[in-house]
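Listed here are the chains, written in short residue letters.
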Amino acid sequence: VYQDKTDPEEQATIAQPYRERLEFELGVIEQMGFPGYFLIVADFIKWAKEQNIPVGPGRGSGAGSVVAWALTITDLDPLRFNLLFERFLNPERVSMPDFDIDFCQERRDEVISYVQKKYGRDKVAQIITFGKLQARAALRDVGRVLQMPYGQVDKITKLVPNNPANPISLAEAIAQEPQLQDLRRKEEVVDTLMGMALKLEGLYRNASTHAAGVVIGDRPLHELVALYRDPRSEMPATQFNMKWVEQAGLVKFDFLGLKTLTVIAKAIEEIQKTAGLEHFDISTVPLDDEASFTMLGRAETVGVFQMESAGMRDVLRQMKPDRFEDLIAVVALYRPGPMANIPNYIKRKHGEEDPDYLYPTLEPVLQETYGIIIYQEQVMQIAQVLAGYSLGGADLLRRAMGKKVQAEMDKQRKVFVDGAVERKVPKDQASQIFDLVDKFAGYGFNKSHAAAYALVAYHTAYLKANMPVEFMAASMTLDLNNTDKLNVFRAELKRMKVALLPPDINKSGVVFVVEMQPNGQKAIRYALAAIKNVGEQAMQALVKERETKGEFADIADLSRRLDTKAVNKRSFENLILAGCFDSLNRNRAQLFTAAESILRFAAHAASERESNQVSLFGESDTPDIELPDVQDWSNTERLGREFAAIGFYLSAHPLDSSRETLRRLNVCEYSDIPKFIREQGTTRVKLAGIQVSMKERTSAKGNRFAFAEFSDSSGQYECTLFSDLLSASRDLIKSGEPLLITVTVEQQEDMLRLTAHAIEPLEAAAAKATAGLKISVRDQQTLDHIHTLLAEKKQGRGQVILHLLLGDYDPYEVEIPLPGRFQLTPALRSAIKSLPGIADVQDI
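Computed from a predicted structure; not experimentally measured.

Draft legend 1. Summary view of the overall build of the protein chain. From N to C terminus, the protein chain includes 35 helices and 18 strands. With the principal axes as the frame, the protein chain shows a C-alpha extent of 100 × 80 × 70 Å. Among the 844 residues that make up the protein chain, the fraction classed as buried is 49%. Across the protein chain, the fraction of contacts at a sequence separation of at least 24, relative to all contacts at a separation of at least 6, is 67%. Across the protein chain, the mean location of the 102 positive side-chain charges is 5 Å away from that of the 116 negative side-chain charges.

What follows is the structure, given as structure tokens:
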């Protein structure tokens, strides 16, 4: 803390409060008998860091301990951020210490293995958990035993509200839902089903193991507790659950996997590899980086830990955080209850409202948060400063306020008010402050936890602001199999003007990698393993083949070197559809048609390699591969098949050719809706889209409605369609054609709810707004067909430009504006697009 100071007196002045705090904490830890606990935690964290396993900066109240900081258990200076040790360990209320440690998600098991090896496999175990029969599960299980039809049980089960955060009991569901009452009254088997389910609800259904909890004993655990063997784990588990295991005399340690730490670690790997910063250390970055706070103030937080939701982005946009303490506050405030204080915090931060410190002596406690009580630590400090509590006693007060036991509260009010009066605070004012503190204590947040997670958030923001390409590549790698999230990242890269290069068999890695382009700009190359149904192991084999023996020269070379045990027909076809072989052969339709024969050729070549057979003349007996003469797919079909393989449109979007028309029609991209509403002052918005999926439902009144998912060039979105519009537009929606959708937008917590009011073919709307067409032609013979179609439409106002793409593999391009003006109807446009040899049709 004083490494930049050279004067010994100045060093001593800075060190003194740390020395005093250390002596106090060490005394308490010794008195409570917990030195061993601290040393065990410090040991496995030190080992993890030596193995370059990312470890979180801390979480929970343990971040308030200077001893933990000195032992490198946590990475936050508790004195700098005013974190309290008594929130973690309180000598006035003896309880077990509890460090929740975050590790890199992919390497957490290595740390647990180290602990097993160090302390003995018979002394380390996981903790059992029990799954209970809740309302829906009880109905399904009983229905299965009664051999009722699945559809009937499923229909009954879905009438029970499903809220995992606040599960409803079956009795409550029956009382609230008339349909359940009616079914029970009318059908004897349903009455039996519900009667049995009511009796079984709440019973234990299955045993599993706690996601993070591990116990370590000083002797073989079977001498202390009964053990259980989970068939899915090699480690034993205690038969006592988390609540009882400590009472049995065992100490619990939490080994948690945090995906964000893995993202940070992979981003740093890319930075060290591509940016030349071999010794980059995220723990040393300054906490006042201007680029990071500017980015956060603009709410460009896709990928930033805990700050991605629409609601959080709105808060950041208004708050414009410019110091680390703002991030701690926003992590603590952005929850139900405290959220009501966010507008006041923002106004006070920007000087639009004066802070209220309740009493002059409390200003140092509340200055950081502009007079708003946000943290549990502030509640404790208020009791200490205003009423003379010890911090241990203040922690007891905080807990009493949380539990709301009236007798205890009356007792604490007297102690608080009497202590405040002794310090010259008027009695009435002291009582008012007690009531106010009591109100805030109910939802005050643990500052130690908020500060630790704010640090993780800041580190991700720092990486995104300063090394954006490496950070985004790492983020996408960690969501390799989550198509929806990858599509969000794709849209963010588009906003950031970072190219997302298509998958290429000769350039892609198994995961997302940073690639330098000829213009000197960094881009991200799409991962082979992110393509549907190909598998990570299969792609590792393919990439290893390329890296050890060189790039694939052509399809025949690929076939000779392909491992058909790793790549089956389905995965090979998906690689074709995604465009992985475009650098070897641009005609995807030709490769797709020949997929089976290519794989037969590859299997024959592999068999020959294994048998080590060659011909009499020293050459392979494998015949040359011949590809069928097949016309390539149209641009629309090509993109549709690419969508099926990747999960979203990557190389282009079917709506790209209508970009100019969409601008004329004042169509908004889905990702721009919040900005559009702010600028236009309306919640009625026009969107363009192609249907991805549609789920139809029946309302309680018997009316049909649907949730339809559409795609535009910025991402995918869902619209609600009510019965009239659904019945009128069902066939149009399912046609797969581009649509123009008029919606009303409603903000609901962290999401936008879209309700469709009108749907029409985009072609029809485009015909009214199009100034002309640019027709991209691959096949010269198609020109005669275009001429015939245009000859019938010469009386119009639209211009036509022919864009000729001639040549098979390295086409040269020519643009020819046709003389005259044409009547460009949707029918004409569709007819031209359907011609063989047409690559694309774009509005101009």
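Draft legend 2. Local environment of the packing of helix α21 (residues 447-466) against helix α22 (residues 468-478). For the pair α21 and α22, interaxial distance at closest approach is 5 Å and the crossing angle is 125 degrees. With respect to α22, the axis of α21 lies oblique. Taken together, the residues of α22 that come into contact with α21 (itself represented by Thr460, Leu463, Lys464, Ala465 and Asn466) are Pro468, Phe471 and Met472. Class assignment of the residues belonging to the contact of α21 with α22 gives a composition of five nonpolar, two polar and one charged.

Draft legend 3. Quick peek at the sheet that holds strand β1 (residues 100-104). Strand order in this open sheet of six strands is β1-β6-β3-β2-β5-β4, and the pairing throughout is mixed. This sheet does not close on itself; its edge strands, each paired only once, are β1 and β4 (227-229). This sheet shows a mean twist of 50 degrees between the axes of neighbouring strands, independent of strand direction. Bridge analysis of β4 against strand β5 (residues 236-241) gives three bridges, and the strand direction is antiparallel. Paired with Arg229 across the strands is Pro236, a residue of β5. Its contacts with the sheet place helix α2 (residues 35-50) against β1, β3 (204-216) and β6 (251-258), and it is angled at close to 25 degrees to β6.

Draft legend 4. Quick look at helix α28 (residues 595-611). Counted at 1.5 Å a residue, the expected span for α28 with its 17 residues is 24 Å, and the 24 Å between its end C-alpha atoms agrees. All of the buried residues along α28 are Ala595, Ile598, Leu599, Phe601, Ala602, Ala605, Ala606 and Glu608. Buried-residue contacts for α28 involve α25 (555-561), α26 (569-577) and α27 (588-593).

Draft legend 5. Structural view of unusual backbone geometry. One non-glycine residue with positive phi stands out, namely Thr72, at about 65 degrees. Within the secondary structure layout, Thr72 lies in the loop between α3 (66-70) and β1. Unusually for a residue other than glycine, Lys320 sits at a positive phi of about 50 degrees. Mapped onto the elements, Lys320 comes out in the loop between α13 (310-319) and α14 (324-333). Classification of Lys320 as partly exposed rests on a relative accessible area of 41%.

Draft legend 6. Focus on the nonpolar core. Of all hydrophobic cores here, the largest spans 144 residues; its most connected members are Met307, Phe416, Phe512, Tyr526, Phe572 and Phe581. Per-element accounting of this core gives the leading share, 12 residues, to α21. In contact with Tyr526, other than residues within four places in its own chain, are Leu486, Leu500, Leu501, Pro502, Pro503, Ser508, Phe512, Ile531, Ile646, Phe648 and Leu650. If you look at the next biggest cluster of nonpolar residues, it comprises 33 residues, including Ile29, Val41, Val55 and Ile216.

Draft legend 7. Fine view of the sheet that holds strand β8 (residues 513-516). Read from one edge to the other, the open sheet built from three strands follows the order β7-β9-β8, with strand pairing classed as mixed. Each end of this open sheet is capped by a strand with a single partner; those strands are β7 (500-501) and β8.

Draft legend 8. Summary view of helix α18 (residues 391-403). Compared with the 18 Å implied by 1.5 Å per residue over 13 residues, the 19 Å span of α18 between its first and last C-alpha is a close match. Along α18, the positions that sit buried rather than exposed are Leu391, Gly392, Gly393, Ala394, Asp395, Leu397, Arg398, Ala400 and Met401. Looking at the residues trailing α18, positive phi occurs at Lys404, about 60 degrees.

Draft legend 9. Inspection of the pattern of salt bridges at higher detail. Counted by the stated rule, this structure contains 52 salt bridges. In this structure, Glu300 engages Arg495 in a salt bridge whose closest nitrogen and oxygen atoms are separated by 3.4 Å. Note that Glu300 is positioned in the loop between α12 (290-297) and α13 and Arg495 in helix α23 (residues 483-496), a separation of 195 residues in sequence. Since its relative accessible area comes to 18%, Glu300 is described here as buried. What makes Arg495 partly exposed here is its relative accessible area of 37%. When the shortest N-O distance is used, the salt bridge between Arg561 and Asp557 registers 3.0 Å. Of this pair, Arg561 and Asp557 both sit in helix α25, four residues apart, which is roughly one turn of the helix. The exposure classification of Arg561 matches that of Asp557, with both residues buried.

What counts, and where the lines are drawn
- Residues numbered from 1 in each chain as written.
- Predicted model: local features only at pLDDT ≥ 70, side-chain atom pairs only at ≥ 80, totals over all residues.
- Heavy atoms only, no water.
- Helix = DSSP H or I, 4+ residues; strand = E, 2+ residues; numbered from the N terminus.
- Buried < 20%, exposed > 50% of the residue type's maximum accessible area, 1.4 Å probe, protein only.
- Contact = heavy atoms within 4.5 Å.
- Lys, Arg positive; Asp, Glu negative; His and termini not counted.
- Charge placed at Lys NZ, Arg CZ, Asp CG, Glu CD.
- Axes fitted to C-alpha atoms, helices over the stretch in contact; angles between N-to-C directions.
- Parallel < 35°, antiparallel > 145°, perpendicular 65-115°, else oblique.
- Nonpolar A, V, L, I, M, F, W, Y, C, P; charged D, E, K, R; others polar.
- Pairing = 2+ DSSP bridges.
- Expected span 1.5 Å × (residues − 1).
- Core = buried A, V, L, I, M, F, W, Y, C linked by side-chain atoms within 4.5 Å.
- Salt bridge = Lys/Arg side-chain N within 4 Å of Asp/Glu carboxyl O.

Everything listed is a geometric property; what it means functionally is a separate question.
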